[in-house]
Structures are given as structure tokens and as C-alpha cells.
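Summary of structural features
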Amino acid sequence: MTGLDKNIQYVKGVGPRRAKMLEKLGIEKIEDLLYHIPRQYRDRSQIKKLNEVEPGQEVTVAGVVKARDKIRTRSGRNIFKIAFSDETGIAYATWFDQPYIFKNFSTGQEVLISGKISDKSWEQQKRIEFIHPNFELDGEGGLHSGRIVPLYPLTEGLNQNQFRRWVNSVLEEHIGAIQEFLPEELLKEMDWPDRQQAIWEVHFPSDLEKRKKAFERLVFEELLLFQVKLSRKQEEKSKKTGYCHEAAPSHTRKFIKSLSFSLTSSQEKVWKEIKEDMEKPAPMSRLLQGDVGAGKTVIALLSLLKTVENGWQGAFMAPTEILAEQHFYKMEPVFQEFGLKTVLLTGSLSAREKKKNNKAISSGEADIVVGTHALIQEEVTFSNLAMVVIDEQHRFGVQQREALLSKGITPDLLVMTATPIPRSLALTLYGDLEVSVIDELPAGRKPIVTRVRQTSVRPKVYQFIREQVGQGRQAFIVCPLIQESEKLQLVAAEDMFRYLQEEVFPELRLMLIHGQIPAQKRAQAMKDFQAGAIDIMVSTTVIEVGVDIPNATIMLIEDAHRFGLSQLHQLRGRVGRGADQSYCILISDAEDELAQKRLNALVEHNDGFLLAEEDLRLRGAGDFFGTRQHGATPFRFADLIAHQKLLRLAREKASRYVQILYESDRRFPGDIVR
Ligand code: ADP
Ligand code: MG
């Protein structure tokens, strides 16, 4: 174990509290910090003399502090000012309401100041003044100024200077532990730096050209490792034997007959593919793609039934508690008909229930287990797990998928997603999976009518909702997304709910649902909504995936431009699940062209695949997949759209280097590929 594996809290200045914040960025170990690379830089490499600078310019200057002063205005603002000079002139720097800045400075001290020179101070007082500039004091080695400065994607409570200091100290202390694994001849051929240099350069570039080479190398190695991993997986898979299901279809046939609808021909086709796979001795690894509302759950149910009918256990994992609960409550009665036992496993069960359910799972008494990530907890052991289904698989990481699989001995795997990944990308991302596609919606569905509306016409929209509810329909209202802060998100949702219930729809039955509502209350609310005892569900994005309420016909999304396109498509998919005409109303005052184009793409396309292609065209892969936390793409650096050339190169080289990489006994940086 090198120091790189240590928990991030041991980096000087981090500690347990900030480690929690870093966890949100996916940074847990010291090594992760090094792979959290800046997405932007600011060039502060040129230090200017004070007699060369002009008002309005963004510059870095160096000087000695001549005086400092703290002023409190009558309105109660704290102003802190310094005067500093170099050999060509004098300048000022001013900060408002940041009392902690004061203690940093003393007269005679050398400083670097980076920022914009105020036009106003020049016009009014003919002086060079920086308002809220970046500063750096003697002794920080030019970390924040006087160079190309990295800007990191951060989260609430963290700041750039602090983060830069952590990265710098980790680099200085640990860079020696970073090991090269690319063959030297390849580095020569591509003119790439070695691994240590590359990591250093992407954080603190000596120039932008070098940074580009370094980044390219990191993207390539990631794609290469991904390819190598894929081929290793395929090799391993071909050697394995798994559960060989018998063909006798009595349960499944009976179940299909019992449905109130008949399967679409797409559903029949994919079920046939899955069934045949399950009957083969090799373990199945199959991805089931199908747009929102296409009816994937029935297929999952069928494969679980088939497993159980063979005397084995099945597991069904969903990304949110709401969804796991919904699946459980729908499936339990179905399975009960066949005399089968289904148990639920989520984080918010009481300790007693958990213990009871775990016992049923390990003894084999439970035939089917439906749950969240709770399924992959260590204490969960199965008696004979033969079928694993993962719903909304794009919300899970590869590791979580593997963790659930490892609860059995080579169980069959079915992962399901509606996230419309263009086929070319799916091939790369899911190269180790066979793909089945449901490419039609059940008959009789009317396309959802989608409209973008400005906030000024909200009253009309509310009136429309009132009319729909009057006709017995139900609605979702999704609160604005506040990604930066969970706390603010909840406050906003609560405010919105109160306003809607008290001022707008006092005569209707509204319910608020978000991630912090206790599980029991939430489950009850979902049941009430399902049963029609609630008219309008006001919600955060906790209902984004999977929720199935066929009587709901209106989806209203506030500040729609703040959401990702695939997220909007998922949210819209909560309606249009029954025979009635459904509507999706996107409230937005966004004026920028790209935002409008994206919202209009939703108006034009109901088909998730078309939408995905359109979104990729509009803004590239990075945004489409959403944030990395969702685990949609396993990459830290690579962007499958932007880096297609490198991907081709990696594919080409993979076959050549697989053997070398396998045989090398150096630590395989497997962590890079998730
Ligand atoms: P998704 O693919 O998004 O997971 P679901 O499996 O939740 O979709 O199905 C959406 C709705 O469509 C459910 O209410 C389900 O009962 C219904 N459904 C599924 N298949 C059919 C079908 N062949 N005909 C009519 N309704 C169907
Ligand atoms: Mg679903």
C-alpha cells in the first residue's frame, strides 16, 4: 500500500468534515484527488508592471504591501483595502465583507495580485484598483498567480485556492508513487509525457501545449485500459459456465396470460432473446434498452419468474427507494399467486426488518429480493442467486453491478435502461453486454404533447391543470433544480409546495415528496397517489426514474432549462403511460439560444434515441450523460464524442498491448476504469 490509497482526510488541511464534501466529487482516496483534474485554466503567467496596465484588463501584478486599512461603512459593510507598489507605480486592492482576508496582510510583505482592473476607480479616482482580486502571498510558490492557474469543478463549501493547495501538496509528496504502465515506445511514438509528468502538467501546466499532450495521454490510457478490460472480461466470460435454466415455461406462460394486455411484438422478441440466453449454460450478460414507458418491467418479471421456477433466487436492484418500493408493491402480489415469497431490502427498513429479510434471503426462503444499493451490503448473502436484474442501470457504477453479481456464482445478468444512448456509444460502453431493444411503445399510447411556456403564463398553466384534475386526472409538478445545494433544494421545494397548496390549489389534494421525507410517509404518499387519493404530486427529481402512475397526465417542470435533456426526457416519461392524452409543460424564461434549442428538441421529439442524437449534436457527450456521480460513463477523462480519434487508436493498440499489460506485474491502475 502506498500513501496514495490513504483516505483523503489525511491530507493537510482536509480533515473529516471536508473529506465529506470531497466525497461528493468522487474523491475518497488521496489518489482520487490527482485524477480530479481541472476543466479550465486561467492564464496568469505573465506578470505585468504597474505602468504597463490599463483599466479593464485582466492581469497579474507583483508588489510590496505599503499600507492596509479596514473600514466599516455606515451601512455596515466591512471594507478592506491594501496599497501596494512595484518599482513603476502604486495600486490598490479592495475586498468587501471578507474579514478573514485582513489578517493575511502586513506591510512590507510581497504579494501577487491577479484580477481585473476596475474601470470605475480609474474614471473616478484615476487610480489602479482591483476589486476582489485573487492574491497570493510570499511563500506559496506562485500557486495561485503568476502562472497558468487551474480551475477545478468543485462543490459547495470548497474553494479554488484551498483545493489547489491540497493538489499541490499531494503532488509534491506522492508523485513518486505514480507508476508508468504504457510502453516507452508508444510514448515516443505519440510524443507523450510519462505518467508522473502528465499528471503534474494537467494540474499545473507549464504551457498549454504541454497540457494538451498530457491530457491526451491520460485520455488514451483510460480508453486503452477500458479496451483491455473489455477483452479480458470477454475472455473470462467465455470460460465460465453459469445457470442453465430449463425450458419448461409454465409460470411465465401463465403470467403472460394473466396480464390485462398482450405483449407488444418488441416485448415478445426481447423476451425470446432473454429466455434463450437463460437456457444456455454460459452466464447471460444482457442490456435491455427501451424508451421510457416501453414496458421493460414485465420483461424483468418474466426473467425472475423463470429463475424461481427453476428453484433458484432472483434479485432486482433499482437506484432509488421510491422505485424499489414501487416495484416491490407491484411484484409481490404477482409472485404470491405462484406461492412465491418476495422481500424488500432498502436502507430505510428498520434494523429488525432488515435482519428478518436477510435471514429469509440467506436461507433461501425468499425467492425474489427487490431493493436498492442495500442489496450489495456485505451482510446480504443469497442461498442460490441465479438471476440479477438491474433497473435504470445508468444510475449505477460498474462496481455496483459487479458487487451484486458476486452475491451468486455466475448468475445471469439483465441490466435495463431507458437512457437513450446512441447505438455507436452503447457498443463502446457496453461492449461486454449483448443488447436487446424494445423499439415500440404499447399500442394506444398517444404521443405526449410537450410545450415550453414562460413564467408569465403560469396562471393559465395552473388553470389547465385544474381542468385536468377536474376530469379525474393527476399531475406532477417538479421543483426547480438547485444542483449546488441539497439544503436549498429542500427549502425551495417546501416553499413551492406551500405556495401551490395554499395560494393556487387550495381546493385540491397536494403532496410533497423529496429525498428527506421518511420512508414510511413517502411510501404511503406514493400509494395514495397511485390510488388517486392525491391530485398533484409536488416533487424534486426523486421521481425522475421508473415511477409508474398511468393515471397521471401532466408533468410540469419548473425552470426546465436547468435540467439535462435526458433527465427531462425521463421526467416526461412519468406521464403518457396510460391511454389518456398527456402533457409535459416546460416552464422556462431562459433566453440563451442553446437552452431554447434544447427545450425545443423535447417539443419536437418524443423518441429518446432521436433526442439523444440531437443533444449530442448540440453539445457533446459530456453534458448528455450528466454528472459522473450518476455513473453513466465510467470515464474520468475521456469523452466518447470528443475523443473518438483516441478511442480508435486505443482499440487499435489494445490488441497489441493486452498481453504486455496482463503480464506486467506492476500495479494495474484498475481504479482509473470504473
Ligand atoms: P419502463 O420501460 O419505462 O420501465 P414500465 O415497465 O414501467 O415501463 O411500463 C409502463 C406502463 O406500461 C406500465 O403501467 C405497464 O403496466 C404498461 N405496459 C407494459 N407493457 C404493456 C403492453 N404490452 N401493453 C400495454 N401496457 C403495457
Ligand atoms: Mg422502468
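Calculation notes
- Residues numbered from 1 in each chain as written.
- Chains lettered and ligands numbered in written order.
- Predicted model: local features only at pLDDT ≥ 70, side-chain atom pairs only at ≥ 80, totals over all residues.
- Heavy atoms only, no water.
- Helix = DSSP H or I, 4+ residues; strand = E, 2+ residues; numbered from the N terminus.
- Buried < 20%, exposed > 50% of the residue type's maximum accessible area, 1.4 Å probe, protein only.
- Expected span 1.5 Å × (residues − 1).
- Arc of directions from axis to C-beta.
- Contact = heavy atoms within 4.5 Å.
- Disulfide = S-S within 2.5 Å.
- Near = heavy atom within 4 Å.
- Polar contact = N/O pair within 3.5 Å; in protein donor to acceptor, adjacent residues only side chain to side chain.
- Areas by Shrake-Rupley, 256 points an atom, 1.4 Å probe, with all protein chains shown as cover.
- Phe/Tyr/Trp six-rings, centres within 6.5 Å; stacked < 30°, edge-to-face > 60°.
- Lys NZ or Arg CZ within 6 Å of the ring centre and 35° of its normal.
- Axes fitted to C-alpha atoms, helices over the stretch in contact; angles between N-to-C directions.
- Parallel < 35°, antiparallel > 145°, perpendicular 65-115°, else oblique.
- Left-handed = near helix turned anticlockwise from the far one by under 90°.
- Nonpolar A, V, L, I, M, F, W, Y, C, P; charged D, E, K, R; others polar.
- Pairing = 2+ DSSP bridges.

So, about unusual backbone geometry. Negative phi values dominate among residues other than glycine, just as trans dominates among peptide bonds. Even without being a glycine, D191 presents a positive backbone phi close to 60 degrees. Along the chain, D191 falls in the loop between α5 (184–190) and α6 (195–203). One non-glycine residue with positive phi stands out, namely E392, at about 50 degrees. In this fold, E392 is placed in the loop between β14 (385–390) and α13 (398–405). Residue classification places E392 among the buried positions, given a relative accessible area of 5%.

Attention shifts here to helix α9 (residues 265–279). Turn by turn, an α-helix covers 3.6 residues, leaving residues three or four places apart pointing in a common direction. Here α9 contains 15 residues, and its C-alpha end-to-end distance of 21 Å stays within 8% of the 21 Å for a straight helix at 1.5 Å per residue. Among all positions of α9, only S266, Q267, V270, W271, I274, D277 and M278 are buried. Projected down its long axis, α9 shows its buried positions confined to an angular sector of 125 degrees, all on one face. Looking at the buried residues of α9, the elements they touch are α8 (250–258), β10 (285–290), α10 (296–309), β14, β15 (412–417) and β16 (434–438).

One pass over the full model with this rule turns up 0 disulfides. Summary of cysteine pairing: C479 is not part of a disulfide, and the nearest cysteine sulfur, belonging to C584, is at 15 Å.

In the vicinity of ligand 1, 17 residues are found, and the nearest of them are G293, K296, T297, R445 and D548. One nitrogen or oxygen atom from the side chain of R445 is found 2.7 Å from an oxygen atom belonging to ligand 1. Side-chain polar atom of D548 to an oxygen atom of ligand 1: 2.8 Å apart, as the coordinates give it. For ligand 1, the accessible surface in isolation is 570 Å², of which the surrounding protein chains cover 84%.

This part takes up the packing of aromatic side chains. Taken as a whole, this structure holds 16 aromatic pairs when the rule is applied. Considering the side-chain rings of Y152 and F163, the 4.6 Å spacing of their centres and the 55 degrees angle between planes classify their relative orientation as tilted. Within this pair, whereas Y152 is found in the loop between β9 (148–151) and α4 (160–174), its partner F163 is found in helix α4, the two being separated by 11 residues in sequence. For the pair shown, Y152 and F163 are each scored as buried. Ring centres 4.7 Å apart and planes at 65 degrees place the aromatic pair Y243 and W312 in the edge-to-face group. In this pair, Y243 is assigned in the loop between α7 (208–239) and α8 and W312 in the loop between α10 and β11 (313–317), connecting sequence segments 69 residues apart. According to the relative accessible area criterion, Y243 is buried, its value standing at 15%. These aromatic residues form a ring-pair network of at least three members: F80, W95, F105 and F135. Across the ring face of Y92, the terminal group of R127 is positioned such that the distance to the ring centre comes to 4.3 Å. Just above the ring of Y329 sits the side chain of K527; from NZ or CZ to the centre is 4.2 Å.

Turning to the packing of α10 against helix α11 (residues 321–337), a few remarks are in order. Contact geometry for α10 and α11: axes closest at 12 Å, N-to-C directions at 45 degrees. When the axes of α10 and α11 are compared, the pair comes out oblique. The chirality of how α10 crosses α11 is right-handed. Of the residues in α11, those in contact with T297, L301, L304 and L305 of α10 are H327, M331, V334 and F335. The residue makeup of the contact of α10 with α11, split by class, is 6 nonpolar, 2 polar and no charged.

Counted at 1.5 Å a residue, the expected span for helix α15 (residues 458–470) with its 13 residues is 18 Å, and the 18 Å between its end C-alpha atoms agrees. Residues V461, Y462, I465, Q468 and V469 constitute the buried set of α15. Considered in projection along α15, the buried side chains sweep an arc of 115 degrees and stay on one side of the axis. Facing away from the buried surface of α15 by more than 90 degrees, the exposed residues are P459, K460 and G470. Looking at the buried residues of α15, the elements they touch are β17 (449–453), β18 (474–478), α16 (486–504), β20 (536–539), β21 (552–557) and β22 (583–587). A positive backbone phi angle near 95 degrees is found at G472, which sits one or two residues after α15.

Moving on, we come to the sheet that holds β16. Across the sheet, which stays open at both edges, the 7 strands sit in the order β12-β13-β11-β14-β15-β10-β16 with parallel pairing between neighbours. Edge positions in the sheet fall to β12 (342–345) and β16, since each has one partner strand and no second. The sheet shows a mean angle of 20 degrees between the axes of neighbouring strands, taken without regard to direction. Note: β14 against β15, 4 bridges, orientation parallel. Note that in β15 the partner of I390 across the bridge is V415. Sheet strands touched by α10: β10, β11, β13 (368–371), β14, β15 and β16. Its angle to β14, the strand with the most contacts, is close to 175 degrees. Its contacts with the sheet place α13 against β11, β14 and β15, and it is angled at close to 155 degrees to β14.

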